[in-house]
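Observations on the three-dimensional arrangement
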2 protein chains.
Amino acid sequence: MSTEALTPDRILEATEEVLRRYGPGKATVVDVARALGVSHGSVYRHFRTKAALREAVTERWLEQAVTELAPLAEGPGPAAERLTTWLSALFAAKRRKAGGDPELFATYEVLIGESSAVVAEHVDHLVGQLARIIEDGHRQGEFAAPESGFTMTARAVFDATDRFHDPVHAAEWSAPDIDDAFAAVLALVLRGLRA
Amino acid sequence: MSTEALTPDRILEATEEVLRRYGPGKATVVDVARALGVSHGSVYRHFRTKAALREAVTERWLEQAVTELAPLAEGPGPAAERLTTWLSALFAAKRRKAGGDPELFATYEVLIGESSAVVAEHVDHLVGQLARIIEDGHRQGEFAAPESGFTMTARAVFDATDRFHDPVHAAEWSAPDIDDAFAAVLALVLRGLRA
DNA sequence: CGAGTGACAGATTTCAATATCTGTCACTCG
DNA sequence: CGAGTGACAGATATTGAAATCTGTCACTCG
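Okay, so let's go over this structure. Here the structure is a predicted model, which means the values were calculated and not measured. By convention here, each chain's residues receive numbers from 1 onward along its written sequence. Lettering of chains starts at A and numbering of ligands starts at 1, both following the order in which they are written. Predicted model: local features are reported for residues with pLDDT of at least 70 only, side-chain atom pairs are reported and counted for 80 or more only, and whole-chain, interface and lining totals are derived from all residues. With hydrogens and water stripped out, all remaining heavy atoms of the structure feed into the side-chain values.

1. Let's talk about helix 8 (residues 150–160) of chain A
The cut-off we apply is this: Relative accessible area decides the class of each residue, using a 1.4 Å probe on protein chains only: under 20% of the type maximum gives buried, over 50% gives exposed, and in between gives partly exposed. Starting at the N terminus, helices and strands are each numbered in turn, a helix being any DSSP run of H or I of at least four residues and a strand any DSSP run of E of at least two.
Most of helix 8 of chain A sits out of view: eight of its eleven residues are buried. Residues of helix 8 of chain A that are buried include every one of A:Phe150, A:Thr153, A:Ala154, A:Ala156, A:Val157, A:Phe158, A:Asp159 and A:Ala160, and no others.

2. Examining a negative patch on the surface
Residue and element names in this part refer to chain A. Applied cut-off: Grouping into patches uses exposed residues only, defined as over 30% relative accessible area, and leaves out salt-bridged ones; the cut-off is 9 Å for like charges and 5 Å for nonpolar side chains (Val, Leu, Ile, Met, Phe, Trp, Tyr). For accessible areas, the Shrake-Rupley method is used with a probe of radius 1.4 Å. Any residue's cover is judged against the shown protein chains and nothing else. Criterion for a salt bridge: a side-chain nitrogen of Lys or Arg within 4 Å of a carboxyl oxygen of Asp or Glu. Only four residue types enter the tally: Lys and Arg on the positive side, Asp and Glu on the negative side, with His and both chain ends excluded. Here the site of a charge means atom NZ of a Lys, CZ of an Arg, CG of an Asp or CD of a Glu.
A cluster of acidic side chains, namely Glu-55, Glu-59, Glu-63, Glu-121 and Asp-124, defines a negative patch on the protein surface. When residues of the negative patch are traced back to their parent elements, those giving at least two are helix 4 (50–74) and helix 7 (116–139). Judged by its relative accessible area of 42%, Glu-121 is partly exposed.

3. Things to note about the pattern of salt bridges
This model, assessed by the stated rule, comprises 28 salt bridges over all chains. Here B:Glu17 ties to B:Arg21 by a salt bridge, and the two come within 2.9 Å at their closest N and O atoms. Of this pair, B:Glu17 and B:Arg21 are both found in helix 1 (residues 8–26), four residues apart, which corresponds to roughly one turn of the helix. Where B:Glu135 meets B:Arg139, a salt bridge forms, and the shortest distance between an N and an O atom there is 3.9 Å. On the criterion of helical spacing, the pair formed by B:Glu135 and B:Arg139 is a turn pair, its members being four residues apart in helix 7 (residues 116–139). The partly exposed category is assigned to B:Glu135, whose relative accessible area is 34%. Among the residues examined, B:Arg139 registers a relative accessible area of 60% and is labelled exposed. Via salt bridges that share partners, A:Asp9, A:Glu16, A:Arg20 and A:Arg60 belong to a single interconnected network.

4. What to know about the environment of A:Leu190
Residue and element names in this part refer to chain A. Filter applied, for reference: Throughout, a contact is declared for two residues whenever any of their heavy atoms are within 4.5 Å.
Tracing the sequence through the fold places Leu-190 in helix 9 (residues 178–193). Residues Leu-190 and Glu-59, 131 residues apart in the sequence, show an inter-C-alpha distance of 31 Å. Among all residues touching Leu-190, those that are not within four sequence positions of it are Ala-80, Leu-83, Thr-84 and Phe-143.

5. Things to note about the protein's contact with DNA strand C
Going by this rule: Only heavy atoms are used to decide nearness, and a residue is near a molecule or strand if one of them lies within 4 Å of it. Polar contact is the term for a pair of N or O atoms within 3.5 Å; when the atoms are in protein, one must be able to donate a hydrogen and the other to accept it, and sequence-neighboring residues count only if both atoms are side-chain atoms. Three classes are used, and their members are as follows: Ala, Val, Leu, Ile, Met, Phe, Trp, Tyr, Cys and Pro are nonpolar, Asp, Glu, Lys and Arg are charged, and the others, Gly among them, are polar.
As a matter of local geometry, DNA strand C sits amid 15 residues, with A:His40, A:Tyr44, A:Lys50, B:Ser42 and B:Arg45 nearest to it. One of the backbone nitrogen or oxygen atoms of A:Val29 is found 3.1 Å away from a phosphate oxygen of DNA strand C. In the model, a base oxygen of DNA strand C is placed 2.9 Å from a nitrogen or oxygen of the A:His40 side chain. Elements with a contribution of two residues or more to the surface near DNA strand C: helix 2 (29–36) and helix 3 (40–46) of chain A together with helix 3 (40–46) of chain B. For the surface near DNA strand C, the element with the highest residue contribution is helix 3 of chain B, accounting for five residues. Broken down by class, the residue content of the surface near DNA strand C amounts to five nonpolar, eight polar and two charged.

Read these as layout, nothing more, since geometry by itself doesn't imply function.
Structure, rendered in structure tokens:
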């Protein structure tokens, strides 16, 4: 089955497929190899361990969210509005993924729990986007000067809204009053940022 | 072994002991009965199911935290200071319990996950204490009038600090920068509340 | 009478044998 | 040469039979 070259990308695609089909508990490297029509030894030539393979899949998946949100962070308009839009989009995207395909979401929850380093980097990217919005807001006189740097403040905003984007809270996202709760926290945060 | 009457309280104590010793996975009603020197049928005379028994233990444990914090919510002084003290005490207590006896904490994490209704009531109590502080702050002109009621605002404060009291985040509480993160969120929240 | 018992049925858990998987490496073959 | 192989050792997962547990209830006995 060597009609196509065995690239890391092809392996990652097959791994995603296997994870989607069998879930995180039953997806094996042998399954991935079988799906590609090669021996599992070949997979190990491209990824040193099963953990590295799963990490690469996780990285890919998280990257998607970052690029989806980037335009919202850079767009024009008042910072408060952009912040609202950005946080709402983050929340909506997470909810959509959690509600739309709960099994796949659960799979990624497991993967995320396995590789905290990858997640930390992803969070840093998101906080970076938040920091940019807040910095813009300050430049336009909309937001007060932060006491301890834009990144620290962005981090605080990210932490304060944790309940609305951290997958560990996914079960709470279908509660009837979750939108009110989100609006209340968002309002509190915006008041805290304003000049 | 009928030297003492078999009361719900004695059963609960024995259950706690058994949970502490064997953990949530291996603690059985038979174990509890054995520890009390009675048959397990007797335990079922006081608690309809094993789940009800566990719930009662959880309730008792959570109650403890509420009564510990109550004096801080009612004490004198500026509301901002009381809020800081209260939230810091909540965070400190959780950290102490998580770090001091991780196994026991893990046990209670499991119990908490089992009975969301009990937890919801407990959260309501805590939010009530927060609401009292915020209401006092408003009465003294320290805090602005909340847009959507004191309870809703208190809930927002509770949600915004979720990362620092929700057991699902316990693993993050030993990170080196967690105190800075807490201080940053607290500062953001206080700015959001101020008049 | 009524708190406590213990045997019971069906559900759940344990345990050990068996199968599968992970990661390595000497090897093949284009 | 070097991408891909497949047999292998040790680790992990599966399986089904046996043991234990949950919840009930007719019963005992002070």
